[in-house]
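Architecture at a glance
Letter by letter, the chains look like this.
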There are 2 protein chains.
Amino acid sequence: MSLRLIPGGRPRDAEGLLVTGASEVVTMAGGLRAGARQADAGILDAAAMGGLGTAGAPIVACWGERIVAVGPRDAVEQRLEAEGLPLERFGRLDAGGGVVTPGLIDPHTHLLFAGTREHEVSLRQAGAGYLEILAAGGGILATVAATRAASAEKLARHGRRWLDEILTHGVTTIEAKSGYGLDLATELRLLEVAFQLGREGPIDILPTYLGAHAVPPEFRSRPDGSEAYVRSILEEQLPGVAAQGRARFCDVFCEEGVFGADECRRILEAADKLGMAPRLHADELAPSGGAELAAEVGAVSADHLAAISDQGIAALAAAATGERPVVATLLPATSLFLMSDHYAPARRLIDEGIPLALGTDFNPGTSPTPNLPLVMAVGCLELKLSPAEALSAVTINAAHALGLGDEIGSLELGRQADLVVWGVPEAAQIPYWMGADLVRTVVKRGRIAFEHA
Amino acid sequence: MSLRLIPGGRPRDAEGLLVTGASEVVTMAGGLRAGARQADAGILDAAAMGGLGTAGAPIVACWGERIVAVGPRDAVEQRLEAEGLPLERFGRLDAGGGVVTPGLIDPHTHLLFAGTREHEVSLRQAGAGYLEILAAGGGILATVAATRAASAEKLARHGRRWLDEILTHGVTTIEAKSGYGLDLATELRLLEVAFQLGREGPIDILPTYLGAHAVPPEFRSRPDGSEAYVRSILEEQLPGVAAQGRARFCDVFCEEGVFGADECRRILEAADKLGMAPRLHADELAPSGGAELAAEVGAVSADHLAAISDQGIAALAAAATGERPVVATLLPATSLFLMSDHYAPARRLIDEGIPLALGTDFNPGTSPTPNLPLVMAVGCLELKLSPAEALSAVTINAAHALGLGDEIGSLELGRQADLVVWGVPEAAQIPYWMGADLVRTVVKRGRIAFEHA
């Protein structure tokens with residue numbers, strides 16, 4: 001009955017794809033989630049619609065790269081006929097009683113780097129903190145040295161190795177930051193490789209310029225090191241990055257001992273004028289005015305927030321009711337990996353009406369995990385999110401954290417046909433089977449991009 | 001150069017397998033690890049032996065189901081020639097610069113059950129404890145009801161689904177407990193299914209009888225419920241399980257509010273006489289004399305120990321220097337999933353010379369993870385183990401926790417040829433890439449059982 005689909009394609013001659021046999025279709029229809037709506041996943045439940053396999057069961061219809069209908073099978077089929085899209089031109093993907101969700105979106109990764117830092121785990125076990133390791137010339141600076149020495153080809157090989165795995169975790173779009181170059185040439189190399197890997201596909205990649213990730217070694221010995229490096233960002237790196245035209249965003253590490261709020265404001269405002277939308281690493285280790293700055297500059301996302309202050313929460317809550325809500329992108333795997341008891345106050349943020357996203361923070365120093373479903377589990381266990389809240393956080397809200405809320409993150413008419421079939425009968429089980437491989441099929445832009453063996 | 005190997009086989013006509021191209025061979029040679037030796041993984045490092053691809057680089061030779069040589073390539077080849085095992089009868093498996101370890105061993109799983117309990121996460125978020133959920137008739141009793149209603153076929157389907165995934169995490173042997181029947185018929189069904197799944201392979205399964213997992217509902221309303229149920233274990237279940245002949249071990253849940261140390265002693269002593277070696281769930285939630293009892297009865301393993309007392313530690317430390325050391329099998333994913341701050345005092349146990357193993361505790365209520373490498377990561381982050389200590393804990397020490405220390409868990413002459421090729425250049429990176437899929441090839445009894453796509 002259902003045609004066999006091959007990875008990378010639809011059945012021969014098929015121009016569309018009908019995803020049938022889902023126990024639940026998690027639509028995430030209706031835009032950004034905040035407050036109580038964070039828990040509304042917009043689920044179409046086959047059991048409540050007549051039962052699996054009936055004419056009332058929910059299906060998803062894709063045509064080309066787009067979703068053209070979502071709903072009960074009979075209604076979708078009528079609509080397709082009316083639109084002049086004959087059913088025989090659709091291939092079939094049988095979800096086999098599993099759950100269908102939008103493709104997951106990872107809104108915070110440091111995809112590209114060279115070298116590994118597993119030895120820092122033992123330093124932290126012995127009591128050293130992130131900033132201590134950094135001050136001793138370790139931490140991120142070790143990654144910077146290795147990354148500067150790495151060719152574009154080497155970085156691309158590394159990127160492909162991890163993108164191949166990231167896809168198997170159900171992720172169809174990621175953000176990827178530079179920030180391990182800290183000089184123009186290497187930052188441009190990182191951004192170019194990220195851009196080219198996105199062009200290769202199937203995962204879409206949004207490059208972010210993160211020159212203000214740390215003060216690089218050649219500036220650290222100077223008495224005016226931090227200010228001099230900020231000037232080099234403003235005068236040399238930002239114009240160069242803008243001329244290259246690959247970076248969609250500009251990010252800064254706003255943190256005590258790294259860059260102050262005033263330095264970050266200057267960088268983000270200059271980047272914004274050059275067409276790079278602002279986003280921030282904010283209040284990860286200590287309250288540093290990062291969340292307040294995010295609201296002030298209209299950032300799409302404020303990330304980490306494990307140490308957000310009351311004023312920071314108030315600023316994001318005010319932004320949430322305005323025209324430019326700032327998504328709070330929480331990264332709980334980082335707290336876990338840093339052996340910190342300090343997690344972002346997720347429930348309070350939800351109570352204050354602030355929309356939450358979740359990301360992996362994939363990076364070699366503080367979160368070497370490519371596994372976004374695992375991060376959802378940690379979000380439920382450590383941030384006390386419900387499964388539906390965690391799902392919103394890695395789909396529609398993560399899309400908004402990338403300025404793509406009208407394009408991806410939900411299964412709605414006209415959206416990009418990115419979706420995942422999961423081998424569980426209820427969406428609530430996705431974060432429950434901690435660290436399990438539940439992804440059965442990934443569809444990207446209407447085509448099968450991954451199938452579980 | 002290297003023959004292509006197919007899953008389930010060796011190359012046509014090959015009777016042996018040479019595993020070459022490893023950056024490190026983690027041998028775990030030399031028996032049970034305790035104290036400082038927990039961190040000695042017995043690593044043969046190609047870089048220190050002349051370099052990858054040289055005649056001095058370490059290789060592993062398997063013949064039939066056994067390991068016949070481990071060491072520098074030239075020495076191994078000479079030995080094989082001398083033994084009359086000509087090299088042309090060996091297939092080649094190229095580790096591609098990755099790490100080779102013994103097949104991982106999961107010494108504590110509740111593999112077989114029906115139903116799921118994801119809703120308990122929200123109860124715990126709201127503050128309910130394990131014993132509260134149990135006292136309200138939820139928790140394990142929900143799983144017991146679903147499991148009693150499940151046919152052997154249904155349980156076997158469930159088991160195969162998870163065993164298929166467990167293999168991809170590099171696990172080649174597991175223990176599997178009954179304990180969701182709590183009546184003779186269902187306990188026998190669970191043990192029989194576990195046994196048959198092990199016979200199907202490729203993963204070896206050691207069935208454990210765990211009738212004393214909880215007091216079942218039909219006994220709970222009786223004033224003498226617990227004692228009456230213990231009598232039914234002693235008089236009905238144990239003789240029935242012994243007659244069936246599938247259970248290798250007898251386990252008990254020695255815990256405040258579940259079974260007391262005296263009840264557990266009676267059960268374990270009776271089981272021992274019937275040929276089932278004792279092991280215990282001990283001191284998981286409160287100190288209950290479980291560790292002391294483990295030492296007293298000469299258990300192969302005392303499991304959980306998140307709430308072990310000073311006396312319990314002293315008892316295990318004394319046993320560790322005697323003829324029957326008790327392996328402390330820690331289950332940190334359970335603490336994580338229960339949102340507990342209470343982890344077993346792993347460093348203190350190591351300091352006291354007690355050998356540690358790690359297990360998933362795979363079960364639907366308190367640890368729904370099939371991912372033993374993820375448990376290693378949690379062991380490093382929450383128990384403060386080093387990567388080498390965590391590796392010992394899931395190989396040689398886990399083998400001893402199953403009474404199989406002379407058979408599996410190390411890459412030594414005569415041991416079963418169970419091994420894993422990992423896609424990382426150093427063993428220390430296995431727990432570092434948290435939640436990543438690093439397993440490239442799994443060899444079970446000398447044959448390729450899994451290859452990463």
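What you see is a predicted model, and the numbers here were worked out from it, not measured in a lab. (Residues numbered from 1 in each chain as written. Chains lettered and ligands numbered in written order. Predicted model: local features only at pLDDT ≥ 70, side-chain atom pairs only at ≥ 80, totals over all residues. Heavy atoms only, no water.)

1. Some thoughts on the overall build of chain A
Just so we agree on the cut-off: Counting from the N terminus, the helices are the DSSP runs of H or I reaching at least four residues and the strands are the DSSP runs of E reaching at least two. This radius of gyration counts C-alpha atoms alone. The globule rule is 2.2 Å times how many residues there are, raised to the power 0.38. Categorising residues by exposure relies on relative accessible area from a 1.4 Å probe, with only protein chains included: less than 20% of the type maximum marks a residue as buried, more than 50% marks it as exposed, and the intermediate range marks it as partly exposed. The contact rule is simple, with two residues in contact once any of their heavy atoms fall within 4.5 Å. Positive charge is attributed to Lys and Arg, negative charge to Asp and Glu, and no charge count is given to His or to the chain ends. For charged residues, the charge sits on one atom: NZ in Lys, CZ in Arg, CG in Asp, CD in Glu.
Counting secondary structure elements, chain A contains 16 helices and 18 strands. For 453 residues, the compact-globule estimate of 2.2 N^0.38 gives 22 Å, and chain A sits close to it at 22 Å. Relative to its 453 residues, chain A shows a buried fraction of 62%. Taking the contacts inside chain A whose residues are at least 6 apart along the sequence as the reference set, 72% of them involve residues at least 24 apart. Averaging the locations of the 38 positively and 57 negatively charged side chains of chain A gives two centres separated by 5 Å.

2. What to know about the relation of the copies chain B and chain A
Quick note on the threshold: Residues below a pLDDT of 70 in either copy are left out; the C-alpha atoms of the rest, at least 70 in both, set the least-squares superposition of the copies.
For the pair chain B and chain A, the best superposition has an RMSD of 0.0 Å and corresponds to a rotation of 180 degrees with a translation of 0.0 Å parallel to the axis. Taken together, the rotation and translation relating the two chain copies correspond to the operation of a two-fold axis. Considering only C-alpha atoms, the part of chain B nearest the rotation axis is Gly435(B), at 3.0 Å.

3. A short note on helix α11 (residues 310-320) of chain A
Of the residues making up α11(A), those classed as buried are Gly312(A), Ile313(A), Ala315(A), Leu316(A), Ala317(A) and Ala319(A). Of the surrounding elements, those touching the buried residues of α11(A) are α10 (290-297) and α13 (346-351) of chain A.

4. Considering the sheet that holds strand β13 (residues 301-304) of chain A
The strands making up a sheet associate through hydrogen bonds between their backbones, and the pairing can be parallel or antiparallel. Residues and elements named next belong to chain A. Stated precisely, the cut-off is as follows: Pairing between strands is defined by DSSP: at least two bridges between them are needed. For helices, the fitted line uses only the C-alpha atoms of the stretch in contact; every axis is such a line through C-alpha atoms, and the angle between N-to-C directions lies from 0 to 180 degrees.
Pairing in this open sheet of eight strands is parallel, and the strands run β8-β9-β10-β11-β12-β13-β14-β15 from one edge to the other. Edge positions in the open sheet fall to β8 (104-106) and β15 (356-358), since each of these has one partner strand only. The average undirected angle you get between the axes of adjacent strands in this sheet is 25 degrees. Strands in contact with helix α8 (residues 225-244) are β10 (204-212) and β11 (249-254); relative to β10, the strand with the most contacts, it is inclined by about 150 degrees. Sheet contacts for helix α9 (residues 261-273): β10, β11 and β12 (277-282); angle to β11, the most-contacted strand, approximately 180 degrees.

5. Some words on unusual backbone geometry
The general pattern is negative phi for most residues beyond glycine and trans for most peptide bonds. In this structure, Pro202(A) follows Gly201(A) across a cis peptide bond, with omega equal to 0 degrees. Along the chain, Pro202(A) turns up in the loop between α6 (184-200) and β10. Backbone geometry at Met28(A) places phi at a positive 55 degrees, although glycine is not the residue there. In this fold, Met28(A) is placed in the loop between β2 (24-26) and β3 (43-45). When its relative accessible area of 0% is taken as the criterion, Met28(A) is described as buried. Unlike most non-glycine residues, Leu182(B) shows phi in positive territory, near 60 degrees. Assignment of secondary structure puts Leu182(B) in the loop between β9 (171-177) and α6 (184-200).

6. A look at the interface of chain B and chain A
Which entries qualify depends on this criterion: Two parts placed together each lose some accessible area under a 1.4 Å probe, and the buried area is that loss summed for both. Polar contact is the term for a pair of N or O atoms within 3.5 Å; when the atoms are in protein, one must be able to donate a hydrogen and the other to accept it, and sequence-neighboring residues count only if both atoms are side-chain atoms.
In this complex, chain B contributes 37 residues to the contact, which on the side of chain A involves 37 residues. Summed over both partners, the interface of chain B with chain A comes to about 3,300 Å²; 62% of that surface belongs to carbon and sulfur atoms. Sorting the residues of chain B by area buried against chain A places Tyr432(B), Trp433(B) and Met434(B) first, and these three jointly supply 22% of that buried surface. Applying the counting rule to chain B against chain A returns 18 residue pairs in polar contact (both at pLDDT 80 or more).

7. So, the pairing of strand β16 (residues 419-422) of chain A
All names here are of chain A. Burial along β16 is two-sided: the residues Leu419 and Val421 and Val420 and Trp422 are all buried. Sheet analysis places strand β7 (residues 99-102) next to β16, joined by four bridges and oriented antiparallel. Residue pairing in the sheet places Val100 in a bridge with Val421 of β16. As judged from the four bridges shared by β16 and strand β17 (residues 439-444), these two strands associate in the antiparallel manner. By the bridge assignment, Val420 is partnered in β17 with Val442.

8. Things to note about the domain arrangement of chain A
All names here are of chain A. Filter applied, for reference: Where each domain begins and ends is defined by an automated method or by a domain database. We count a salt bridge whenever a side-chain nitrogen from Lys or Arg sits within 4 Å of a carboxyl oxygen from Asp or Glu.
With domains assigned, chain A is organised as domain 1 (16-102 + 410-451) and domain 2 (104-401). Centre-to-centre, using C-alpha coordinates, domain 1 lies 31 Å away from domain 2. Both sides together, the interface formed by domain 1 and domain 2 hides about 2,500 Å², and carbon and sulfur atoms give 70% of it. Our count for the domain 1 to domain 2 interface comes out at two salt bridges. Salt-bridge contacts for Lys444 lead to Asp204; the nearest nitrogen and oxygen are separated by 2.7 Å. Run the count over domain 1 and domain 2 and you get 12 residue pairs in polar contact (both at pLDDT 80 or more).

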